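Descriptive structure summary
Here are the chains, one letter per residue:
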Amino acid sequence: MLTLSPPLIAAEALDDAAAYLRLSGDDELTLVAGLIGTALLQCEAFCGTILLRRAGTEDLRITGTWQTIKAVPLRSITAVSGLNAAGDILPIAANGYAIDIDEAGTGWLRIHDGGGAMRARLSLEAGRAERWGDIPAPLRQGMLRLVAHLHTNRDRAGDAGPPLAVAALWRSFRQIRLNGRCVA
């Protein structure tokens, strides 16, 4: 199971969204920040990649074989520990596991000596961009269009869903993975 810290919505993203929505005051900025967070998470889910760099943890079963880490693109693994059946944290010696991160940012873990643990817990950092402005323009534009749609259609019955342009802007960045390998 992958758990990431929430994305930090920077002032730069808020300024872009406020300009796109043509907001003149600060009255709705809290709402807009929440909509940006929603749009970012939806974009990440659609594209199959973490856009803004952040920390998290991922739990994996200990199998003795190479396993794919779900967080993509993986920047680093900062700690590896074990969990027993009761959920207690156990140390795993550095020589009890191997880690690899390929050129696409896919991470791999193999634990050959878990020291009695049944699961591994990885502390990691993942994400494509350091800040909002580093995210490719089509992804940002799609998120802004989704924010505008959510903002305009809040509380509206019969909403037909986001504009097709959102998916069109994101589609070329979509990564579909089968068995840990990117196929599209």
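For the structure itself, consult the block above.
Heads up: these notes are all about the structure in this document. Small disclaimer: the values here were computed from a predicted structure and weren't measured.

Here the focus is the nonpolar core. Ile-36, Ile-135, Leu-139, Met-143, Val-147 and Trp-170 are the most contacted members of the largest nonpolar core, which totals 28 residues. Of all the secondary-structure elements, those providing two or more residues to this core are α1 (11-21), α2 (29-47), α3 (137-153) and α4 (164-170). If you tally residues by element for this core, the top one is α2, at 9 residues.

What follows concerns unusual backbone geometry. Backbone torsion omega between Val-72 and Pro-73 reads -5 degrees, so that peptide bond is classified as cis. Here Pro-73 shows up in the loop between β3 (67-69) and β4 (74-83). Here the phi dihedral of Arg-22 falls at roughly 60 degrees; this positive angle occurs in a residue that is not glycine.

Space inside the largest pocket adds up to approximately 160 Å³. Thr-38, Gln-42, Phe-46, Leu-146, Leu-150, Pro-162, Pro-163, Leu-164, Val-166, Ala-167 and Trp-170 together form the lining of the largest pocket. Taken together, the elements giving at least two residues each to the lining of the largest pocket come down to α2, α3 and α4. If one sorts the elements of the lining of the largest pocket by residue count, α4 sits on top with 4 residues.

For the rest of this paragraph, the subject is the packing of aromatic side chains. Enumeration according to the criterion identifies 1 aromatic pair in this entry. With 5.8 Å between their ring centres and 55 degrees between their planes, Phe-46 and Trp-170 make a pair best called tilted. Here Phe-46 is found in helix α2, whereas its partner Trp-170 is found in helix α4, with 124 residues between them in sequence. Here Phe-46 matches Trp-170 in class, with each residue buried. Here the guanidinium or amino end of Arg-174 rests over the ring plane of Phe-46, the centre of that ring lying 4.2 Å away.

Scanning the entire structure with this criterion turns up 8 salt bridges. The partner of Asp-134 in a salt bridge is Arg-131, with the nearest N and O atoms 3.8 Å apart. Owing to a relative accessible area of 39%, Asp-134 belongs among the partly exposed residues under this scheme. In this structure Arg-131 comes out as partly exposed when scored by relative accessible area, which is 42%. What you see here is one network of salt bridges that share partners, running through Arg-53, Arg-75, Glu-125 and Glu-130.

Turning our eyes to something else, we now look at the sheet that holds strand β7 (residues 107-111). Ordered in space as β3-β7-β6, the 3 strands form an open sheet in which the pairing is antiparallel. Among the strands making up the open sheet, the edge pair consists of β3 and β6 (97-101). Adjacent strand axes in the sheet meet at a mean angle of 25 degrees, parallel and antiparallel pairs treated alike. In the sheet, β3 pairs with β7 via 3 bridges, with the strands oriented antiparallel. Bridge pairing links Ile-69 to Gly-107 in β7.

Within α1, burial applies to Ala-13, Leu-14, Ala-17, Ala-18 and Leu-21. What you see down the axis of α1 is that its buried residues fit within an arc of 130 degrees, all on one side. Facing away from the buried side of α1 by over 90 degrees, the exposed positions are Ala-11, Asp-15 and Ala-19. Against the buried residues of α1 lie α2 and α3. Immediately downstream of α1, the backbone of Arg-22 shows phi near 60 degrees, a positive value.

Thresholds applied
- Residues numbered from 1 in each chain as written.
- Predicted model: local features only at pLDDT ≥ 70, side-chain atom pairs only at ≥ 80, totals over all residues.
- Heavy atoms only, no water.
- Core = buried A, V, L, I, M, F, W, Y, C linked by side-chain atoms within 4.5 Å.
- Buried < 20%, exposed > 50% of the residue type's maximum accessible area, 1.4 Å probe, protein only.
- Helix = DSSP H or I, 4+ residues; strand = E, 2+ residues; numbered from the N terminus.
- 1 Å grid on protein atoms, 1.4 Å probe; cavity = no way out; pocket = protein on both sides within 12 Å on 5 of 7 lines; lining within 4 Å.
- Points joined across faces, edges and corners; volume = space filled by probe spheres on them.
- Phe/Tyr/Trp six-rings, centres within 6.5 Å; stacked < 30°, edge-to-face > 60°.
- Lys NZ or Arg CZ within 6 Å of the ring centre and 35° of its normal.
- Salt bridge = Lys/Arg side-chain N within 4 Å of Asp/Glu carboxyl O.
- Pairing = 2+ DSSP bridges.
- Axes fitted to C-alpha atoms, helices over the stretch in contact; angles between N-to-C directions.
- Arc of directions from axis to C-beta.
- Contact = heavy atoms within 4.5 Å.

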